[in-house]
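# Tertiary structure, described
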Amino acid sequence: MLGKAQNTRDVQSPKPPAPKYQAFKKEKKGFLFGLFKKKKKVEIKTHAEEVADFRKRMEKLQQEGKNLPAYLMISYVGSQEATTDPADEKWYAYVESKKEVDNRLAQAEFPHLILKPAMLTEEPAQGLEQIEDKALQESMTSSRELVADVIVEALGRETLPESPLAFVDGDNPVSSIK
């Protein structure tokens, strides 16, 4: 069960991986969706708003058909099964929305990859370890730089790695992703 000690900003806000990512964006090689750090406070949407926004994106993407580039969703380890206390309304809405959106995307027929880093840190990337997509533990970390490197690696391949891709800081090169 996820609790208040977990910070949505820490789990969900890797810095955008510019300039490496910008090259892929220009080539329209993929869509990247996630919450990024901003100087202003980001308003957390309700469960219904998050799901409605995602449904609109999914409908638009489905219409693109064969011309659709890859769709990468930044999520977090264990998001598809996470639970939390409904009394914490904003956090509960976030967890439930993320669960529903990730589960819907997992069923999509267009090319997609759900990235599942652990608690984000500012440490430099040293490598990664792929892990099972189970409940997030406070001891699990993924550097923001590693998240950016994984995005670039995934978009640079002929086909996307298997989804979901759960990972933490480790010793293996990013190129070892299965």
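Shown above is the structure to which this text applies.
Below is a short write-up of the structure. Quick caveat, the model's predicted, so the values are computed rather than measured.

### Some remarks on the overall build of the protein chain
Helix and strand counts for the protein chain stand at five helices and seven strands. Ordered by position from the N terminus, the helices and strands of the protein chain form the series α-α-β-α-β-α-β-β-β-β-α-β. Taken over 178 residues, the protein chain has a buried fraction of 44%. Put simply, of all contacts in the protein chain between residues at least 6 apart along the chain, 73% involve residues at least 24 apart. Per element, the accessible surface of the protein chain, about 10300 Å² overall, is 49% carbon and sulfur.

### A word on the side chain of S142
In this structure, S142 sits in strand 6 (residues 141-143). What makes S142 buried here is its relative accessible area of 0%. Among the polar contacts made by the side chain of S142, one reaches the main-chain amide nitrogen of A118 at a distance of 2.9 Å. Discounting chain neighbours no more than four positions away, the residues touching S142 are P117, A118, M119, L120, T121, F167, V168 and D169.

### Overview of unusual backbone geometry
Note: most peptide bonds trans; most residues except glycine with negative phi. Cis geometry marks the peptide bond from S163 to P164, where omega comes out at 0°. Tracing the backbone shows P164 in the loop between helix 5 (144-155) and strand 7 (165-169).

### Some remarks on helix 4 (residues 89-106)
Counting along an α-helix, one turn takes 3.6 residues, and residues three or four places apart therefore face a common direction. If you check helix 4, its first and last C-alpha atoms are 25 Å apart, about what 18 residues at 1.5 Å a residue would give, namely 26 Å. Taken residue by residue, helix 4 has W91, A93, Y94, V95, E96, S97, K98, K99, V101, D102 and L105 as its buried positions.

### Quick word on the pattern of salt bridges
Overall, the coordinates contain six salt bridges when judged by the stated rule. The shortest N-O distance in the salt bridge between D133 and K116 comes to 2.6 Å. With D133 in the loop between strand 5 (128-130) and strand 6 and K116 in strand 3 (residues 112-117), this pair connects stretches of sequence that are 17 residues apart. Classification of K116 by relative accessible area gives buried; the value is 0%. Note that R157 and E153 form a salt bridge whose closest N and O atoms lie 2.9 Å from each other.

### Focus: the packing of aromatic side chains
Within the structure shown, the criterion is met by three aromatic pairs. Measuring from ring centre to ring centre gives 5.4 Å for W91 and Y94, while their planes differ by 15°; the resulting arrangement is stacked. Here the residue W91 and the residue Y94 both occupy positions in helix 4, the gap between them amounting to three residues, near one helical turn. Across this residue pair, the class does not change: W91 and Y94 are buried. A connected cluster of aromatic rings, assembled from ring pairs, spans Y76, W91 and Y94.

### Considering the side chain of Q80
By the secondary structure assignment, Q80 is in the loop between strand 2 (70-74) and helix 4. Among all residues touching Q80, those that are not within four sequence positions of it are K99, D102, N103, A106, K116, D133 and P164.

### Brief notes about the pairing of strand 2
Within strand 2, five of the five residues are buried, leaving the element largely enclosed by the surrounding structure. In strand 2, alternate side chains face the same way, and those of A70, L72 and I74 on one face and Y71 and M73 on the other are all buried. The pairing of strand 2 with strand 3 spans four bridges and is classified as parallel. Note on strand 3: the bridge partner recorded for L72 is L113.

Basis of the calculations
Residues numbered from 1 in each chain as written. Predicted model: local features only at pLDDT ≥ 70, side-chain atom pairs only at ≥ 80, totals over all residues. Heavy atoms only, no water. Helix = DSSP H or I, 4+ residues; strand = E, 2+ residues; numbered from the N terminus. Buried < 20%, exposed > 50% of the residue type's maximum accessible area, 1.4 Å probe, protein only. Contact = heavy atoms within 4.5 Å. Areas by Shrake-Rupley, 256 points an atom, 1.4 Å probe, with all protein chains shown as cover. Polar contact = N/O pair within 3.5 Å; in protein donor to acceptor, adjacent residues only side chain to side chain. Expected span 1.5 Å × (residues − 1). Salt bridge = Lys/Arg side-chain N within 4 Å of Asp/Glu carboxyl O. Phe/Tyr/Trp six-rings, centres within 6.5 Å; stacked < 30°, edge-to-face > 60°. Pairing = 2+ DSSP bridges.

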